[in-house]
Amino acid sequence: MTRPQPQADEWVARLRTSGIDARALPLIAIGPPADASAVHDTWHALQSHRLLMFVSPAAVEWFFKLRPADAAWPPHCLAATPGPGTARALLEAGHAVGLREAQLCVPPPDAGQFDSEHLWPVLAPLDWKGQRVTIVGGGEGQSVKGRSWLMARLQERGAIVTTLLAYERGPGTWQADDVALARDAMAEPAQHMWLFSSSQAIAYLIDHHLPRWSFAVPAWQAHHALTTHPRIAEQARRMGFGHVEEVRPTLEAVVQARRPGG
């Protein structure tokens, strides 16, 4: 499980409950932005917003962690997420400040994928002309990555769209147990399966973590990757993974894929 913490441990616990021998090897570290003033300003400007779109659970976590004490969620402001995991995090974090499930926009449970393209049919019927929208995400440095496609669709409908850096990400630091787990995975690829929910995680693994700990260049052709989106699968194939499988980013789908015959 390569998600950042605390998501990695949460997924590990759920997978183990389902009978899967899961281990956490976080490839991405998440932290606050160097300057949180833009987050504070967005909270104070929610009355003028029609929508905030959160790209990930980390975006939810840090946006709410950095909330000014006097800020609340207005009833006319919608909140959107690309999938059920981020939606759960948003409802849990938002309940105390007035965000209700009726204000949430998310792809339906039977959507073919959980991403911006499948969120758009939920948003498209609304009138966006002159409406203020902020896409809350993270990145490296001071630029927010991703969701340009959704931004373009909203702008075509007349929305005033900005992005907000709520967290910054980087490769993080492995501890001794992490290095040992990685060495086991490299030595016995048939006994391990990588679960990637981010293309950036794959890049950090190959370009940062393995060189940092002086790993020999592995024969990725023997390794098996589960990926939660076609773009992540494409990245894994480009990096040389020989066995790449796409799964929905749900516990049930991952458990089914991990079991023999899944």
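Residues numbered from 1 in each chain as written. Predicted model: local features only at pLDDT ≥ 70, side-chain atom pairs only at ≥ 80, totals over all residues. Heavy atoms only, no water.

Caption draft 1: Quick look at helix α4 (residues 84–94). Regarding α4, the residues found buried are T86, A87, L90 and G94. Down the axis of α4, the smallest arc covering the buried residues is 100°, so these residues share one side. At its buried positions, α4 is contacted by β2 (51–54), α3 (57–65), β3 (78–80) and β4 (104–105). (Buried < 20%, exposed > 50% of the residue type's maximum accessible area, 1.4 Å probe, protein only. Helix = DSSP H or I, 4+ residues; strand = E, 2+ residues; numbered from the N terminus. Arc of directions from axis to C-beta. Contact = heavy atoms within 4.5 Å.)

Caption draft 2: Looking closely at the layout of surface pockets. Approximately 440 Å³ is the volume found for the second largest pocket. Along the walls of the second largest pocket sit 18 residues, with M1, D21, A22, R23 and M193 positioned nearest its centre. Listed by contribution, the elements that provide at least two residues to the lining of the second largest pocket are α7 (176–187), β7 (193–196) and α10 (251–258). Per-element tally for the lining of the second largest pocket: the top contributor is β7, with 3 residues. Class assignment of the residues belonging to the lining of the second largest pocket gives a composition of 12 nonpolar, 3 polar and 3 charged. (1 Å grid on protein atoms, 1.4 Å probe; cavity = no way out; pocket = protein on both sides within 12 Å on 5 of 7 lines; lining within 4 Å. Points joined across faces, edges and corners; volume = space filled by probe spheres on them. Nonpolar A, V, L, I, M, F, W, Y, C, P; charged D, E, K, R; others polar.)

Caption draft 3: Molecular detail of helix α8 (residues 199–212). Over its 14 residues, α8 extends 19 Å from the first C-alpha to the last, a length consistent with the 20 Å expected when each residue adds 1.5 Å. Maximal helix bending in α8 amounts to about 40°, located at L205. Where α8 is concerned, the buried positions are Q200, A201, I202, A203, Y204, L205, I206, H209 and L210. In this fold, the buried residues of α8 make contact with β6 (160–170), α7, β7 and α9 (230–238). Immediately beyond the C-terminal end of α8, within one or two residues, lies S214, with a positive phi of roughly 60°. (Expected span 1.5 Å × (residues − 1). Bend = angle between axes of the 7 residues up to and from the residue.)

Caption draft 4: Quick look at the sheet that holds strand β5 (residues 132–139). Ordered by their spatial adjacency, 6 strands build an open sheet running β1-β6-β5-β2-β3-β4, and the pairing between neighbours is mixed. The outermost strands of the open sheet, each flanked by one partner alone, are β1 (29–31) and β4. On the sheet, helix α2 (residues 37–44) packs against β2 and β6 and is oriented at approximately 140° with respect to β6. (Pairing = 2+ DSSP bridges. Axes fitted to C-alpha atoms, helices over the stretch in contact; angles between N-to-C directions.)

Caption draft 5: Representation of the side chain of H209 within the structure. Its location among the elements puts H209 in helix α8. We classify H209 as buried; its relative accessible area is 1%. With near-sequence residues (within four places) excluded, H209 lies in contact with P26, L27, P171, G172, W174 and Y204.

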